[in-house]
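# Survey of secondary and tertiary structure
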Amino acid sequence: MSDCIFCKIVNDEIPAKKLYKDEHVIAFLDIAPITKGHTLVIPKVHQESISAVPAEYQQKMMHVSSQIGKAFVRTGEYDGFNLHLNNGQCAGQVVPHAHMHVVPRIGTDGFHWNWRNLSYEENEADEIIAKFNEKFSI
Ligand code: AMP
Ligand code: ZN
């Protein structure tokens, strides 16, 4: 897609600090990192939603992301990593080209997810699963 910033990176039209590329994906450093080393892994096909990205590209995104996280840990600079994907504006997606965030972590990096712990009322969980089952296909 011609006006997509990540397609421009795929097509070498704008620069990026690349870590890896193959026939399915490209990985490059995020320009405004959560931690130093924060990497984006993107499919070479333009799709806004991860669910529209062909399965072989999704599989490669996950595999490459975990291997990049492992490599950062192997440097000895990090103890672990987060894999994170924002799908949809409401979920925090800003760039409308599907991408996986790989965030290398150490316990002292000062970053915290704003995680909450809600609970289900009686039958609520079963109702959610019933609605889900009406729509789920794989
Ligand atoms: P998201 O909120 O999941 O859509 O994340 C988009 C990410 O893309 C943000 O973390 C941005 O810092 C990053 N980003 C935007 N433009 C560029 C760019 N030209 N090169 C590298 N990272 C970028
Ligand atoms: Zn794109």
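Residues numbered from 1 in each chain as written. Chains lettered and ligands numbered in written order. Predicted model: local features only at pLDDT ≥ 70, side-chain atom pairs only at ≥ 80, totals over all residues. Heavy atoms only, no water.

### Quick word on the overall build of the chain
- Each helix and strand in the chain was counted, giving three helices and five strands.
- When the helices and strands of the chain are placed in sequence order, the string is α-β-β-β-α-β-β-α.
- Expressed as a percentage of its 138 residues, the buried residues of the chain come to 30%.
- Within the chain, contacts between residues at least 6 apart in sequence are counted, and of these 50% link residues at least 24 apart.
- Between the mean site of the 13 positive side-chain charges and the mean site of the 17 negative ones, the chain shows a separation of 10 Å. (Helix = DSSP H or I, 4+ residues; strand = E, 2+ residues; numbered from the N terminus. Buried < 20%, exposed > 50% of the residue type's maximum accessible area, 1.4 Å probe, protein only. Contact = heavy atoms within 4.5 Å. Lys, Arg positive; Asp, Glu negative; His and termini not counted. Charge placed at Lys NZ, Arg CZ, Asp CG, Glu CD.)

### Digging into the sheet that holds strand β5 (residues 100–105)
- Spatial strand order, β1-β2-β3-β5-β4: five strands in an open sheet with antiparallel pairing. The open sheet has two edge strands with one neighbour each: β1 (18–21) and β4 (80–84). If you compare each strand with its neighbour and ignore which way they point, the axes differ by 20° on average.
- Strand direction decides the pairing type here: strand β3 (residues 39–43) and β5, joined by three bridges, are antiparallel. Considered in β5, the bridge of Val41 is made with Met100. (Pairing = 2+ DSSP bridges. Axes fitted to C-alpha atoms, helices over the stretch in contact; angles between N-to-C directions.)

### A closer look at the pattern of salt bridges
- Under the criterion given, the structure shown has three salt bridges.
- Ionic pairing is found between Lys18 and Asp12, a salt bridge with its closest N-O pair at 2.8 Å. (Salt bridge = Lys/Arg side-chain N within 4 Å of Asp/Glu carboxyl O.)

### Details of the coordination of the zinc ion (ligand 2)
- Taken together, Cys4 (SG), Cys7 (SG), His46 (ND1) and His97 (ND1) make up the protein donors of the zinc ion (ligand 2), found 2.0 to 2.3 Å from the metal.
- Its four donor atoms give the zinc ion (ligand 2) angles of 106 to 117° at the centre, a pattern that matches the tetrahedral case.
- Along the chain, the residues donating to the zinc ion (ligand 2) fall in the pattern C-x2-C-x38-H-x50-H. One end of the pair, Cys7, is in helix α1 (residues 5–10); the other, His97, is in the loop between β4 and β5, with 90 residues separating them in the sequence.
- Given a relative accessible area of 0%, His97 falls into the buried group. (Donors = N, O, S within 2.8 Å, 3.2 Å for Na, K, Ca; no water. Tetrahedral: all angles 85-135°; square planar, octahedral: opposite > 155°, others 65-115°.)

### A closer look at the environment of Thr75
- Relative to the helices and strands, Thr75 resides in the loop between α2 (55–74) and β4.
- A polar contact of 2.5 Å, which involves the side chain of Thr75, links it to the backbone oxygen of Phe72. (Polar contact = N/O pair within 3.5 Å; in protein donor to acceptor, adjacent residues only side chain to side chain.)

### Side note on the site of ligand 1
- Of all residues adjacent to ligand 1, which total 16 residues, the nearest are Asp30, Gly92, Val94, His99 and His101.
- Note that a nitrogen atom of ligand 1 is positioned 3.1 Å from one of the backbone N or O atoms of Ile31.
- Between ligand 1 and Gly92 there is a distance of 2.8 Å, counted from an oxygen atom to a backbone nitrogen or oxygen.
- Relative to its unbound accessible area of 500 Å², ligand 1 is 82% covered by the protein chains.
- For the shell around ligand 1, the secondary-structure elements that each account for two or more residues are α1 and β2 (25–29).
- At three residues, α1 tops the list of elements feeding residues into the shell around ligand 1.
- Taken together, the residues of the shell around ligand 1 break down into 10 nonpolar, five polar and one charged. (Near = heavy atom within 4 Å. Areas by Shrake-Rupley, 256 points an atom, 1.4 Å probe, with all protein chains shown as cover. Nonpolar A, V, L, I, M, F, W, Y, C, P; charged D, E, K, R; others polar.)

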